[in-house]
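Observations on the three-dimensional arrangement
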Amino acid sequence: MSALTPEAAARVAPDVRVCHLLRIADTSLVLAQRLGEWVGHAPAIEEDLGLANTSLDLLGQARLLLSHAGELEGRGRDEDALAFLRDEADYVNATLAEQLNGDFGDTIVRQFLLDAYQLELYERLVVSADRRLAEIAAKAVKETRYHLRFSSGWLVRLGDGTAESHARVQASLDRLWPYTRELFDADSVDREIAAAGIGPDVGVLAEAWSRRVDGVLQQATLRRPADTPFHWYGKRGQHSEHLGYLLADLQYLQRAHPGARW
Amino acid sequence: MSETADWPLYEIFIRARGGLDHKHVGSVHAADATMAVEHARDVYTRRLEGVSIWVVRSSDIVASDPAESDALFEPARDKIYRHPTFYDIPKEVETL
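As the structure is a prediction and not an experimental result, all values here were calculated from the model.

1. Here's the deal with the overall build of chain A
When its secondary structure is counted, chain A shows 10 helices and 0 strands. Taking the principal axes of the C-alpha coordinates as reference, chain A spans close to 55 × 45 × 35 Å.

2. As for the interface of chain B and chain A
The interface of chain B with chain A comprises 11 residues on the first partner and 9 residues on the second. Contributions of two or more residues to the side of chain B that touches chain A are made by strand S2 (22-29) and helix H1 (33-44) of chain B. In terms of residues, the side of chain B that touches chain A owes the most to one element, H1 of chain B, which gives 4 residues. Its residues assigned to classes, the side of chain B that touches chain A shows 4 nonpolar, 3 polar and 4 charged.

3. Here's the deal with the pairing of strand S1 (residues 9-15) of chain B
Residues and elements named next belong to chain B. With burial as the criterion, only one face of S1 is covered, namely that bearing Tyr-10, Ile-12 and Ile-14; the residues Leu-9, Glu-11, Phe-13 and Arg-15 on the opposite face remain uncovered. For S1 and S2, the ladder comprises 7 bridges, and the chain directions are antiparallel. Opposite Leu-9, over in S2, you have His-29 as the bridge partner. Counting the residues that bridge the hairpin from S1 to S2 gives 6 residues, and of these Gly-19 lies at a positive phi of roughly 95°. Relative to strand S3 (residues 52-57), S1 runs antiparallel, the two being bridged by 6 bridges. By the bridge assignment, Ile-12 is partnered in S3 with Val-55.

4. Some words on the packing of helix H2 (residues 14-36) of chain A against helix H8 (residues 188-195) of chain A
Residue and element names in this part refer to chain A. Where H2 contacts H8, the two axes come as close as 10 Å, and the packing angle between them is 105°. In terms of axis orientation, H2 runs roughly perpendicular to H8. Contacts between H2 and H8 pair Val-16, Cys-19 and His-20 from the former with Val-189, Glu-192 and Ile-193 from the latter. For the contact of H2 with H8, the residue count by class is 4 nonpolar, 1 polar and 1 charged.

5. Focus: the packing of H2 of chain A against helix H3 (residues 45-73) of chain A
Residue and element names in this part refer to chain A. In contact at an axis separation of 8 Å, H2 and H3 are set at 160° when each is read in the N-to-C sense. It follows that H2 is roughly antiparallel to H3 by the angle criterion. Of the two elements, H2 crosses H3, and the hand of that crossing is left-handed. Per-class residue counts for the contact of H2 with H3 are 18 nonpolar, 6 polar and 2 charged.

6. Looking at the nonpolar core
Within the largest apolar cluster, 67 residues are counted, with the highest numbers of intra-cluster contacts made by Ala-25, Leu-65, Ala-69, Ala-116 and Leu-155 of chain A. Once residues within four sequence positions are removed from consideration, Leu-155 of chain A is found in contact with Ile-108, Val-109, Phe-112, Val-169, Val-216 and Ala-220 of chain A. Tyr-10, Val-28, Ala-30 and Ile-53 of chain B belong to the second-largest nonpolar core, a separate cluster that totals 10 residues.

7. A look at the sheet that holds S2 of chain B
All names here are of chain B. In spatial order, the strands read S2-S1-S3; together these 3 strands make up an open sheet with antiparallel pairing. In this open sheet, the two strands that pair with only one neighbour each are S2 and S3. Looking at each pair of strands side by side, their axes are set apart by 30° on average, direction ignored. Seen against the sheet, H1 touches S1, S2 and S3 and runs at an angle of roughly 130° to S3.

So, how was this worked out
- Residues numbered from 1 in each chain as written.
- Chains lettered and ligands numbered in written order.
- Predicted model: local features only at pLDDT ≥ 70, side-chain atom pairs only at ≥ 80, totals over all residues.
- Helix = DSSP H or I, 4+ residues; strand = E, 2+ residues; numbered from the N terminus.
- Contact = placed C-beta atoms within 7 Å.
- Nonpolar A, V, L, I, M, F, W, Y, C, P; charged D, E, K, R; others polar.
- Buried ≥ 20, exposed ≤ 12 C-beta atoms within 10 Å, placed from the backbone.
- Pairing = 2+ DSSP bridges.
- Axes fitted to C-alpha atoms, helices over the stretch in contact; angles between N-to-C directions.
- Parallel < 35°, antiparallel > 145°, perpendicular 65-115°, else oblique.
- Left-handed = near helix turned anticlockwise from the far one by under 90°.
- Core = buried A, V, L, I, M, F, W, Y, C linked by C-beta atoms within 7 Å.

Now the structure itself:
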């Protein structure tokens with residue numbers, strides 16, 4: 001991502017920019033909703049609060065990004081309209097984010113893989129040609145550093161813990177790993193965004209993520225799963241079976257009582 | 001949440017701002033000191049309460065015995081001359 005100007009960003013078609021923003025925003029929003037499901041159920045009250053804090057950080061990021069996307073789109077949709085009134089096929093989050101919480105290890109693996117991704121992403125977005133996006137990234141990058149510290153800490157404890165915790169968290173990793181492919185499978189939106197200096201080159205992102213993930217997996221004595229020819233395209237609106245239920249929960253109130261406020 | 005019975009208790013001290021001292025704010029369960037700092041961050045600094053955290057194993061704190069309160073603290077009760085309230089402070093001294 002070279003130091004391009006806001007003018008370069010402005011030449012990119014609004015629908016491409018909106019799609020790019022929604023991918024980041026939806027991933028944060030869906031993951032926030034998933035983490036929220038832990039409230040009252042985490043293994044300890046301290047972890048309960050930790051997961052809730054992360055969830056609220058992610059929700060805050062999603063709100064800023066959705067508002068920005070709504071303004072760029074120019075169709076009068078605000079953050080609430082985008083969050084509560086879009087259907088499943090219009091959500092473009094990474095499929096990994098919508099995967100079920102499972103046990104604590106499943107949640108930690110999902111969180112770790114996405115935290116590492118978001119950290120590499122936000123660290124590069126702070127110099128985005130889209131000034132507003134750069135500002136949002138500057139706020140998010142600090143939050144995300146803590147999220148990754150939390151999830152990698154737990155990954156190492158579970159991976160390098162007892163025989164049972166090691167086996168279970170390795171199984172979680174094997175199960176969730178295939179969903180990471182989508183993050184680095186560049187399409188025309190990714191390429192146009194990178195060319196305009198709005199976002200990073202996906203290949204560069206993939207390498208940085210890989211290095212970071214390998215380092216923690218090694219500490220956690222976990223085996224990096226082999227890449228498989230497996231494709232989900234949540235980022236194009238093709239989701240796993242789990243997102244519909246999550247959105248039903250998330251959107252119920254606004255769907256049942258349109259415009260309700262309190 | 002019964003598993004946390006295995007985790008030792010840590011006492012948490014938070015410094016609200018640079019220059020102030022660390023104050024005891026409560027306690028958390030954690031597997032080790034590193035986790036205790038993270039738990040303390042998540043439990044006690046959610047509303048900008050602090051800039052620094054100390055944690056210490058509760059079992060490492062040596063406390064005075066409440067049964068000895070009379071011997072330890074009562075003798076100070078009638079020694080009001082230990083309070084610096086019997087001096088005339090010169091007007092020139094602004095802050096003392």
